[in-house]
Amino acid sequence: MKSKLASLTVLALLALTLVNCAPSGPKPNAEIRLPAVPADVQTCFSQYVKAPKGPLSKRAVVRLIAELKRSEVAKSRCGRRLIGFYNSIAKGLAQ
């Protein structure tokens, strides 16, 4: 029983001495600088279809729907470019 207690005491003291040891290996780079989001992507997402004022004719509704569809396609393209931009950054950070 005494030898177990002595062994545990030695292990506890050894663990306490290692608590303040500096980690081995290269230091992690704590400062990560991300590049700015490309200007064309920022511009794309800042554009929107203006809300119509007043009552709409059938022709105006058709034009509005077409404009909204074009806007949606443009935003989808911007989103894909933004995802590609993000993935390229993430890939670079993983290395």
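A quick note: this is a predicted structure, and the numbers were derived from the prediction, not measured. (Residues numbered from 1 in each chain as written. Predicted model: local features only at pLDDT ≥ 70, side-chain atom pairs only at ≥ 80, totals over all residues. Heavy atoms only, no water.)

It is worth spelling out the overall build of the protein chain at this point. When its secondary structure is counted, the protein chain shows 3 helices and 0 strands. Mapped from its N terminus to its C terminus, the protein chain presents α and β elements in the order α-α-α. Split into buried and exposed, the 95 residues of the protein chain put 9% on the buried side. Summed over its atoms, the accessible surface of the protein chain is roughly 8,800 Å², and 64% of this surface lies on carbon and sulfur atoms. (Helix = DSSP H or I, 4+ residues; strand = E, 2+ residues; numbered from the N terminus. Buried < 20%, exposed > 50% of the residue type's maximum accessible area, 1.4 Å probe, protein only. Areas by Shrake-Rupley, 256 points an atom, 1.4 Å probe, with all protein chains shown as cover.)

For the rest of this paragraph, the subject is the state of the cysteines. A full pass over the atoms with the stated rule returns 1 disulfide. The disulfide partner of Cys 44 is Cys 78, and the gap between their sulfur atoms is 1.6 Å. Residues Cys 44 and Cys 78 are joined through a disulfide that is right-handed, its torsion about the S-S bond being 115°. Residue Cys 44 is located in helix α2 (residues 39–46), and its partner Cys 78 is located in helix α3 (residues 58–94); the two are separated by 34 residues in the primary sequence. Note on accessibility: Cys 44 and Cys 78 belong to one class, buried. (Disulfide = S-S within 2.5 Å.)

What follows concerns the confidence of the model for the protein chain. Of the residues in the protein chain, 69% reach a pLDDT of 70 or more, and the chain-wide mean stands at 83. Put simply, helix α1 (residues 2–18) is where the protein chain has its lowest mean pLDDT, 64, and α3 is where it has its highest, 93. (pLDDT = per-residue confidence, 0-100.)

What follows concerns a nonpolar patch on the surface. Together, Ile 32, Leu 34 and Leu 93 make up an exposed nonpolar region whose accessible area comes to about 320 Å². Here Ile 32 shows up in the loop between α1 and α2. (Patch = residues over 30% accessible without salt bridge, like charges linked within 9 Å, V, L, I, M, F, W, Y side chains within 5 Å. Salt bridge = Lys/Arg side-chain N within 4 Å of Asp/Glu carboxyl O.)

Our focus in this paragraph is the pattern of salt bridges. The full count for this structure, using the stated rule, is 1 salt bridge. For the salt bridge of Arg 81 with Asp 40, the shortest nitrogen-to-oxygen distance reads 3.2 Å. A residue pair is termed long-range when its members are at least 10 positions apart, and Arg 81 in helix α3 and Asp 40 in helix α2 qualify at 41 residues. Under the relative-accessibility criterion, Arg 81 is labelled partly exposed at 37%. Under the relative-accessibility criterion, Asp 40 is labelled partly exposed at 42%.

Further remarks concern the environment of Arg 81. Distance from Arg 81 to Val 41, taken between C-alpha atoms, is 7.3 Å for residues 40 residues apart in sequence. For Arg 81, the contacting residues outside a window of four places in its chain are Asp 40, Val 41 and Cys 44. (Contact = heavy atoms within 4.5 Å.)

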